[in-house]
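# A structural walkthrough
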Amino acid sequence: MSLFPTYNRFPFTIESGEGTVVRDDSGKEYLDFVSGIAVCNLGHRPLVVQEAIEEQLKKVWHVSNLYQIPIQEEAAQLLTEASGLDYAFFCNSGAEANEAAIKLARKHTGNDKIITFKQSFHGRTFATMSATGQEKIQEGFGTLLPTFEYLPFNDESAVAELMGEGAAAIMVEVIQGEGGVIEADEAFLKAIEKKCAETGALFIIDEVQTGAGRTGSPFAFQHYGLSPDIITSAKGLGSGFPVGAMAGKAYLKESFSAGSHGSTFGGNPLASAAVKATLSTIFKDQFLHEVNEKSTYFMKLLKENLEGLPGVMEVRGKGMMIGIEVESEAIEYVHKLRENGLLAVLAGPKVIRLLPPLTVSYQELDQALQLLKKVLSTEFSRT
Ligand SMILES: *Cc1c(COP(=O)(O)O)cnc(C)c1O
């Protein structure tokens, strides 16, 4: 093996996929309720995105941000129009999008301090690892980047009591994804927004997992009528083409002037083609309306059928971002589900996370429910 063992990989290979279904190298089929961790929001190999990339492949692949890239402008427009923000900056991942947000907030305010929350996840680069409120992510890497402070998540009074003066930003996930599919309370989010307005700290929302339609609106903050200064997006943004973006309000423009920040690959023509095709499909009222209808249907069934089972604590989530909290180790269930033909992912040790494509069918939701019911009804002991 020639790879650093940075991942705990399941012992099988996915060879092909279409829509919600993937097939492994032995021909076995699975319903993919992981979607590459909230990436394949339009399912595997959506034709609109494939055609857009193919069309771009025949023109030019990469030119550098030294030149005009009209398709990047179009992708930016989709992003800013749907989010109510003014400008976008493209990069290649969620961590890089958060890096851009952190750099912009520091430069704009002239302050260093960034407030984030316990159990948050913001990425693996040095700044975003420092922003992440989980010791297990930071362990062994030495002195973290100053100055990050972690407040308890969903603690409205901790935010209200915060001496926010001198902070560059408060950065939060609307639903903590890696932290366990934990939704922020509206009052908590409003308290952050208020504190930012009072102190001049920028309000940054990390939508890397919750954006691109995942929760049933273009971005999750829109469920709460918030007005963040900056949002970040990646994962589902390019349907599997690696791309990230940061979007911010117009008044931040001066702080990201020419030469202040950049990325060789960021928003190159291929990535921009993927973003444009993805967002113009997802950010349609009818599309998102259907996502919400399917979500309501599925959440109701999950709650009715699973919450009564021994060992199942709670079913929660929004749109197609769903967590099932269990009493014992969730990994055992994830293995059993896979054996039964359903791919799911952990969100912390006790939560089974389901991230089906937004295009999942009712029939596939019904099939998944039956598999979940079967596996969660069966007790098995840890080995
Ligand atoms: C996945 C994730 C990131 C990191 O994204 P990468 O593309 O892996 O760098 C950051 N924030 C949140 C909320 C995420 O879910």
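What comes next is a walk through the structure. This structure is a prediction, so every number in the text was calculated from the model and none was measured. (Residues numbered from 1 in each chain as written. Predicted model: local features only at pLDDT ≥ 70, side-chain atom pairs only at ≥ 80, totals over all residues. Heavy atoms only, no water.)

### So, the overall build of the protein chain
Counting secondary structure elements, the protein chain contains 12 helices and 17 strands. In terms of overall size, the protein chain behaves like a compact globule, its C-alpha atoms giving a radius of gyration of 21 Å where 383 residues would be expected to give roughly 21 Å. Seen through its C-alpha atoms, the protein chain measures out along the principal axes to roughly 55 × 55 × 45 Å. When burial is assessed residue by residue, the protein chain has 54% of its 383 residues classed as buried. Summed over its atoms, the accessible surface of the protein chain is roughly 17,400 Å², and 53% of this surface lies on carbon and sulfur atoms. Averaged over its 34 positive side-chain charges, the protein chain has a centre that lies 2 Å from the centre of its 48 negative ones. (Helix = DSSP H or I, 4+ residues; strand = E, 2+ residues; numbered from the N terminus. Rg over C-alpha atoms; globule rule 2.2 N^0.38 Å. Buried < 20%, exposed > 50% of the residue type's maximum accessible area, 1.4 Å probe, protein only. Areas by Shrake-Rupley, 256 points an atom, 1.4 Å probe, with all protein chains shown as cover. Lys, Arg positive; Asp, Glu negative; His and termini not counted. Charge placed at Lys NZ, Arg CZ, Asp CG, Glu CD.)

### Details of the sheet that holds strand E15 (residues 342-343)
Across the sheet, which stays open at both edges, the four strands sit in the order E1-E2-E3-E15 with mixed pairing between neighbours. Each of the sheet's edge strands pairs with one partner strand only, and the pair in question is strand E1 (14-18) and E15. As defined by bridge partners, E1 adjoins strand E2 (residues 21-24) across four bridges and the pair is classed as antiparallel. By the bridge assignment, Ile14 is partnered in E2 with Asp24. (Pairing = 2+ DSSP bridges.)

### Notes on the nonpolar core
Nonpolar side chains tend to gather and get buried jointly when the protein is soluble and globular. Counting 94 residues, the largest nonpolar core has Phe298, Ile324, Ile352, Leu354, Leu372 and Leu376 as the members making the most contacts within it. Counting residues per element, this core draws most heavily on helix H10 (residues 285-306), which supplies eight residues. Formed jointly, this core draws a minimum of three residues from each of two domains, domain 1 (14-32 + 285-382) and domain 2 (47-282). Ignoring sequence-local partners within four residues, the contact set of Leu372 consists of Phe298, Leu302, Leu306, Ile324, Leu337, Leu342, Leu354 and Ser377. (Core = buried A, V, L, I, M, F, W, Y, C linked by side-chain atoms within 4.5 Å. Domains from an automatic or database assignment. Contact = heavy atoms within 4.5 Å.)

### Description of the site of the ligand
Around the ligand, a shell composed of Ser93, Gly94, Ala95, Asn98, Phe121, His122, Gly123, Glu173, Asp206, Val208, Gln209 and Lys235 is seen. One of the side-chain nitrogen or oxygen atoms of Asp206 is found 2.8 Å away from a nitrogen atom of the ligand. Here an oxygen atom of the ligand sits 2.8 Å away from a polar atom, N or O, in the side chain of Gln209. When the ligand is considered free in solution it has 380 Å² of accessible area, and contact with the protein chains removes 80% of it. Here the shell around the ligand gets three residues from one element, more than from any other, and that element is helix H4 (residues 94-109). Counted by class, the shell around the ligand contains three nonpolar, six polar and three charged residues. (Near = heavy atom within 4 Å. Polar contact = N/O pair within 3.5 Å; in protein donor to acceptor, adjacent residues only side chain to side chain. Nonpolar A, V, L, I, M, F, W, Y, C, P; charged D, E, K, R; others polar.)

### Description of a nonpolar patch on the surface
Taken together, Phe126, Phe141 and Leu145 make up a surface patch of nonpolar side chains, about 280 Å² in accessible area. Within the element layout of this structure, Phe141 appears in the loop between helix H6 (135-138) and strand E6 (148-151). (Patch = residues over 30% accessible without salt bridge, like charges linked within 9 Å, V, L, I, M, F, W, Y side chains within 5 Å. Salt bridge = Lys/Arg side-chain N within 4 Å of Asp/Glu carboxyl O.)

These figures capture arrangement, not role.
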